[in-house]
Structures are given as C-alpha cells and as structure tokens.
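Take a look at the letters that make up each chain.
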Amino acid sequence: EWRNMQVAWSGTYLGFVIGPEKQDQSWHRATTKYQSRVAAWAKQGLGLQYDAMVYNTFAITTLAYIAQLEAPPCWLLLEEGKCLRTAAPGPGKWAVPTDLW
C-alpha cells in the first residue's frame, strides 16, 4: 500500500508555504490577490486620498500578512511599483513609483 503514496515537498499552512521546496510560493498566491484588489479598487475613481486609504486597508495587507515571516523577493518590488501606478493614476509621468512608496 505504501508504494503508491504521493509525497509533497511543500505544503500550505495558514497561508504560508512550508517545506524544503517552497521557494517563493507563498508570495505567488498573495501577489495574485493583491493585483486583483488593486485593479478592482482602481476602477472606482475615488481620488488620490481615498485611493491611498483603500490601498493601505484592502490591498497591501495581503502582502503584509506573508511579510510577517518571509522577506519579499526582488520581483515583488517591481510588481508593487506597477500596482502603485494603477492605484494612483495620473497624467503622463506625474509620479514615479518611488514617489508613491
């Protein structure tokens, strides 16, 4: 019976991927949720003040949960810059991502 048993080298516990082959897997699911929340709230056209409040309340918290135990990978910082431009749109190049961090 044991010969057909499947072994996984990573698994999810309370939203965190654990195990020897986890790599950046914890961040992938959180990043997808983060991106969808930024996109949904950006469509509301609330203005910069409310966009910032909504972003800090509903979007960045999805990443902050994982950041409690894991350091963010480099690719995530680039993705955050893109999402910040989506969350705080403006004419042309009114702000660079570092202005919004």
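Predicted model only: the values in this text are computed from it and were never measured. (Residues numbered from 1 in each chain as written. Predicted model: local features only at pLDDT ≥ 70, side-chain atom pairs only at ≥ 80, totals over all residues. Heavy atoms only, no water.)

Novice: Sorry, what's going on with a nonpolar patch on the surface here?
Specialist: Where nonpolar side chains cluster on the molecular surface, the patch consists of W41, L46, Y50, M53 and F58 and spans about 470 Å² of accessible area. No other element matches helix α2 (residues 48–67), which puts three residues into the nonpolar patch. Inspection of the secondary structure assignment puts M53 in helix α2. On the accessibility criterion, M53 (46% relative accessible area) is partly exposed. (Patch = residues over 30% accessible without salt bridge, like charges linked within 9 Å, V, L, I, M, F, W, Y side chains within 5 Å. Areas by Shrake-Rupley, 256 points an atom, 1.4 Å probe, with all protein chains shown as cover. Salt bridge = Lys/Arg side-chain N within 4 Å of Asp/Glu carboxyl O. Helix = DSSP H or I, 4+ residues; strand = E, 2+ residues; numbered from the N terminus. Buried < 20%, exposed > 50% of the residue type's maximum accessible area, 1.4 Å probe, protein only.)

Novice: Would you explain the packing of helix α1 (residues 25–42) against helix α3 (residues 74–87) in this entry?
Specialist: Two measures define how a pair of helices packs: the angle their axes make with one another and the distance between the axes. Viewed as axis vectors pointing N to C, α1 and α3 meet at an angle of 10°, and their least axial separation amounts to 9 Å. Compared by their axis directions, α1 and α3 come out roughly parallel. The residues of α3 that touch α1, namely those facing W27, H28, T31, Y34, Q35, V38 and A42, are W75, L76, E79, E80, C83, T86 and A87. (Axes fitted to C-alpha atoms, helices over the stretch in contact; angles between N-to-C directions. Parallel < 35°, antiparallel > 145°, perpendicular 65-115°, else oblique. Contact = heavy atoms within 4.5 Å.)

It is worth stressing that arrangement in space is one thing and function is another; only the former is reported here.
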